[in-house]
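# Remarks on the overall topology
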Amino acid sequence: MPAVSPASDDVRTIRFILTIVSREAYTIVMVVVGLFATPLILHWLRDERFGAFQVATDWMGYLGLLEFGLGGALMPLIAISEARRDEKSVHDLMVTGVRAYTKVALAGVVGIVILAIFATRLIPVQAKYALDLRISFLIGGFGAFMTPLAPFKALIEGRQQGYWLSAFLTAQSITITAGSLVLAWAGWGITGQSVAVIAGAAVFNAALLWLCRREAPAIFLDAIKGPAPEAARRDVRKLNMPTFLLNMCGRVSLLTDNIVVSGLLSPALVTPFVLTQRLTSLAQRELQTIGNASWAALAELSAQGRKEVFSRRLLELTRVVAVVGLAALIPIVAFNRQFISLWVGRERYAGDLITALAAANALWQAIFSLWGWCVTGTGQIRKMLPMTIVQTVLNLAFSIAFTLAFGLAGPLLGTTASFLAVSVWYMPILMSDIFDVPASKLVFSVVAPLALALPYAALTGWLVRLYGATGWFGVAYQMSASALIYLVLAWLVVFYPEERASLMSRFRLVLRAATA
């Protein structure tokens, strides 16, 4: 077992906090830019083309399955090799990844062409938008040529340097938004949106190469010369098929909502469906950042056999995700109607039920993602497959049935029902079996913040109905105050004294590092 020192714990903490802070900066940029850009893009594209592009993006997302779980296999293997300071193993895994992703790129091009051919059957737009839709798919094919660079993202995550990825994502987001605005204004329609996305992807991947400029030449040279050693390829093969199945289930669960709405209802209805969930989706991504920023460090603790520290960190992180998630989602549920009315117009608000369901699903997804990263990040992905497959089948069946029965809220009802049927009870048991973390403690880490949140949410909703603001400044102020009050209450009531002391100690550590 490698030697462990307090210094290594400090480095993990600093990298974790840097990743969280950088991600928050990225979110602020996205929110500010999105508040300005989305109404303009909607004005120039109109609802049908805007919705069609959202659905086209989801369909292209399915092409990620052509990697057959390669990315999910590389990430834990690289993280474990980095934890063991095994540079040769990391190099061999990167060579394996680059060669494999080159084949994925060729398959992706074929997939894009097929999507373009069947575009109007997959997304039933008006005839005058058919050519625009097909060209947008073909433009998306240029993204396939950047696919061989995907292993470098896994390398940065394995090194616990997610703060760089946040910076690169910020640059990508600004590029996409600027391109989307200019091209929508110029009348390029759906095609222009695809061009902007490709431009953003090019910026992101160029930044990845810049960060990995020392390792990249040797990796590419060895990838051209021939296959990596058999040991690296064998390790990847052990994980890529279960990872592929997990990814397929994840994409079916997360990317089918817009497709179901478009196919069973109308592409135009995708627009209010997506926009109403914009704040909850943003909150979910931020909450998942906690798991994304911490999985490599947790994998390192697991590889070092430090079970007690792993258990304590996981319970603490679960409580943090639940508390922060509820602090963000309670004001979103209370004020989303006002926010959407101010942002894109009341006619594009899909309703309170959709807001509440999206918030509940966002919280569950963030917690289950944190736990799931622990399983996949330690290479034990096979143990998640039975649960994930069952939940995915239920999710798809429920979503279609509920959409036919209840309309626009159907996909979200399907997701909620599938979570309650499977993950809510299965995931704590799985975490206990794998990591010896008591399932009862995991459940309590979620239930305690939730018990405080339910009466607080009811009181907040009642106050908003009576005294809720209607202008931008008032809504922002009341939402912030609502979140802050819950955070203070949770800090005093939910967290144990030793957890508060631990969190404050790490916060002071980061402040010292920042001022050093």
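What you see is a predicted model, and the numbers here were worked out from it, not measured in a lab. (Residues numbered from 1 in each chain as written. Predicted model: local features only at pLDDT ≥ 70, side-chain atom pairs only at ≥ 80, totals over all residues. Heavy atoms only, no water.)

## Digging into the layout of surface pockets
Of the pockets and cavities examined, the second largest pocket occupies roughly 660 Å³. In this structure, the second largest pocket is lined by 26 residues; those nearest its centre are Leu329, Val333, Ala356, Ala359 and Ala457. Listing elements by their share of the lining of the second largest pocket, those giving two or more residues are α13 (307-343), α14 (352-377) and α17 (439-467). Here the lining of the second largest pocket takes nine residues from α14, the largest share from any one element. Residues that form the lining of the second largest pocket fall into these classes: 18 nonpolar, five polar and three charged. (1 Å grid on protein atoms, 1.4 Å probe; cavity = no way out; pocket = protein on both sides within 12 Å on 5 of 7 lines; lining within 4 Å. Points joined across faces, edges and corners; volume = space filled by probe spheres on them. Helix = DSSP H or I, 4+ residues; strand = E, 2+ residues; numbered from the N terminus. Nonpolar A, V, L, I, M, F, W, Y, C, P; charged D, E, K, R; others polar.)

## Brief notes about the nonpolar core
If you look at the biggest cluster of nonpolar residues, it comprises 74 residues, and the most contacted ones within it are Phe310, Leu314, Ile367, Trp371, Met431, Phe435 and Tyr486. The dominant element in this core, judged by the number of residues it contributes, is α13, at 19 residues. Apart from residues no more than four positions distant in its own chain, tyrosine 486 is found in contact with Val323, Leu326, Ala327, Ile330, Pro449, Leu452, Ala453 and Tyr456. (Core = buried A, V, L, I, M, F, W, Y, C linked by side-chain atoms within 4.5 Å. Buried < 20%, exposed > 50% of the residue type's maximum accessible area, 1.4 Å probe, protein only. Contact = heavy atoms within 4.5 Å.)

## Remarks on the packing of aromatic side chains
Per the stated rule, a full pass over the model turns up 18 aromatic pairs. Taken together, a centroid distance of 5.8 Å and an interplanar angle of 50° make the contact between tryptophan 491 and phenylalanine 495 tilted. In this structure an aromatic cluster arises from ring pairing among Tyr163, Trp164, Phe168, Phe204 and Trp210. (Phe/Tyr/Trp six-rings, centres within 6.5 Å; stacked < 30°, edge-to-face > 60°.)

## Observations regarding the confidence of the model for the protein chain
Averaged over every residue, the pLDDT of the protein chain is 86; residues scoring 70 or more account for 94%. Per-element confidence in the protein chain ranges from a low mean pLDDT of 71 for helix α19 (residues 497-515) to a high of 94 for helix α8 (residues 189-211). Confidence over residues 1-7 falls short of pLDDT 50; this stretch has five contacts with residues more than four positions distant or in other chains. (pLDDT = per-residue confidence, 0-100.)

## With respect to the side chain of threonine 280
You can see threonine 280 is positioned in helix α12 (residues 278-303). You can call threonine 280 buried: its relative accessible area is 2%.

## Comments concerning the packing of helix α5 (residues 130-140) against α8
Two elements in contact, α5 and α8, have axes whose closest approach is 7 Å; the angle formed by their N-to-C orientations is 10°. By the criterion of interaxial angle, the relationship of α5 to α8 is roughly parallel. Every residue of α8 that contacts α5 at Asp132, Leu133, Ile135, Ser136, Ile139 and Gly140 is listed here: Gly189, Ile190, Thr191, Ser194, Val195 and Ile198. Class assignment for the residues of the contact of α5 with α8 results in six nonpolar, five polar and one charged. (Axes fitted to C-alpha atoms, helices over the stretch in contact; angles between N-to-C directions. Parallel < 35°, antiparallel > 145°, perpendicular 65-115°, else oblique.)

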